[in-house]
Amino acid sequence: MALRHALLAALLDRELSGYQLSKLFDLGASSFWHASSQQLYAELGKLEADGLLTGHEVVQQGRPNKRVFALTDAGRDELTRFTGAPTKPTSIRDDLMVKAYAEQAADPDTLIKQLEDRAAQSRAKAEFLAAQLEKLRGDKPEADFLASADNVGPYLAGTRGKMYHDDQAEWCEWAAAILRHRTTS
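All figures in this text were calculated on a predicted structure; none of them were measured in a lab.

Chemist: Can you walk me through helix α4 (residues 73-84) in this structure?
Modeler: An α-helical turn contains 3.6 residues, so any two residues separated by three or four positions project in the same direction. For α4, spanning twelve residues, the distance from its first C-alpha to its last is 17 Å, which sits close to the expected 16 Å at 1.5 Å a residue. Among the residues of α4, Gly-75, Glu-78 and Leu-79 are the ones counted as buried. With its buried residues spanning 100 degrees around the axis, α4 presents them on a single face. Away from the buried face of α4 by more than 90 degrees, exposed residues Asp-73, Asp-77, Thr-80 and Gly-84 are located. Next to the buried residues of α4 lie α1 (3-10) and β3 (66-71).

Chemist: What exactly am I supposed to notice about the UniProt feature "coiled-coil region" (unreviewed entry) in the protein chain here?
Modeler: The feature "coiled-coil region" (unreviewed entry), as given by UniProt, occupies residues 112-139 in the numbering adopted here. For residues 112-139, the helix share is 93%, the strand share is 0%, and the end-to-end C-alpha distance is 40 Å.

Chemist: Which parts of the structure should I look at to understand the packing of aromatic side chains?
Modeler: To describe a pair of aromatic rings, you give the distance between the ring centres and the angle between the ring planes. Under the counting rule described, the total for this entry stands at one aromatic pair. Ring centres 5.0 Å apart and planes at 50 degrees place the aromatic pair Phe-145 and Tyr-155 in the tilted group. Placement of the pair is Phe-145 in helix α7 (residues 142-148) and Tyr-155 in helix α8 (residues 153-184), with a sequence separation of ten residues. Note on accessibility: Phe-145 and Tyr-155 belong to one class, buried.

Chemist: I tried to follow the sheet that holds strand β2 (residues 53-58) on my own but got confused; where do I start?
Modeler: Strand-to-strand pairing in sheets goes through backbone hydrogen bonds, with the strands running parallel or antiparallel. Taken together, the three strands give an open sheet; going across it, the order is β1-β3-β2, and neighbouring strands pair in antiparallel fashion. Across the chains shown, the open sheet's two edge strands, defined by having one partner strand only, are β1 (16-17) and β2. Running at roughly 115 degrees to β2, helix α3 (residues 37-49) makes contact with β2 and β3 of the sheet.

Parameters and conventions
- Residues numbered from 1 in each chain as written.
- Predicted model: local features only at pLDDT ≥ 70, side-chain atom pairs only at ≥ 80, totals over all residues.
- Heavy atoms only, no water.
- Helix = DSSP H or I, 4+ residues; strand = E, 2+ residues; numbered from the N terminus.
- Expected span 1.5 Å × (residues − 1).
- Buried < 20%, exposed > 50% of the residue type's maximum accessible area, 1.4 Å probe, protein only.
- Arc of directions from axis to C-beta.
- Contact = heavy atoms within 4.5 Å.
- UniProt positions renumbered as here; feature names shortened; annotations may be inferred.
- Phe/Tyr/Trp six-rings, centres within 6.5 Å; stacked < 30°, edge-to-face > 60°.
- Pairing = 2+ DSSP bridges.
- Axes fitted to C-alpha atoms, helices over the stretch in contact; angles between N-to-C directions.

In structure tokens:
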């Protein structure tokens, strides 16, 4: 997957400014794709040059004007092509996993602290995503929302992100408890 597909997906059902896309990637989309603001703006320029999205300036009173982007028919076609292509298996690339693997060479207290810190970060991210999912559902029970919403994609991806962060926090807490027990035995 490329950043371009994540951006096209974000623009699937609405126009967004570069700033709004940056915030979306900082908060919600970071569960499945990380990109800096500079990467986002550079890719938006490429997508516009390739005809996959259009941009126009919106004049604002008392604030700087903003540039808003929307998906073109060619962009939607590219997203359709991408979603139909075979997927690749994912793999974990995480420095904390390498540190856990090398625990014999690590200072146990430092590694335990890193695991506890990651668990706290993951719990906070999972709680944030739970609140975002609740906003998406509104006052509907999840089953009703999933059966009736026009676009469930952001909800599906957000739910996967929440599950990922819940699982990561649980693993970090489990690993820290094992190391803590081993250092006190």
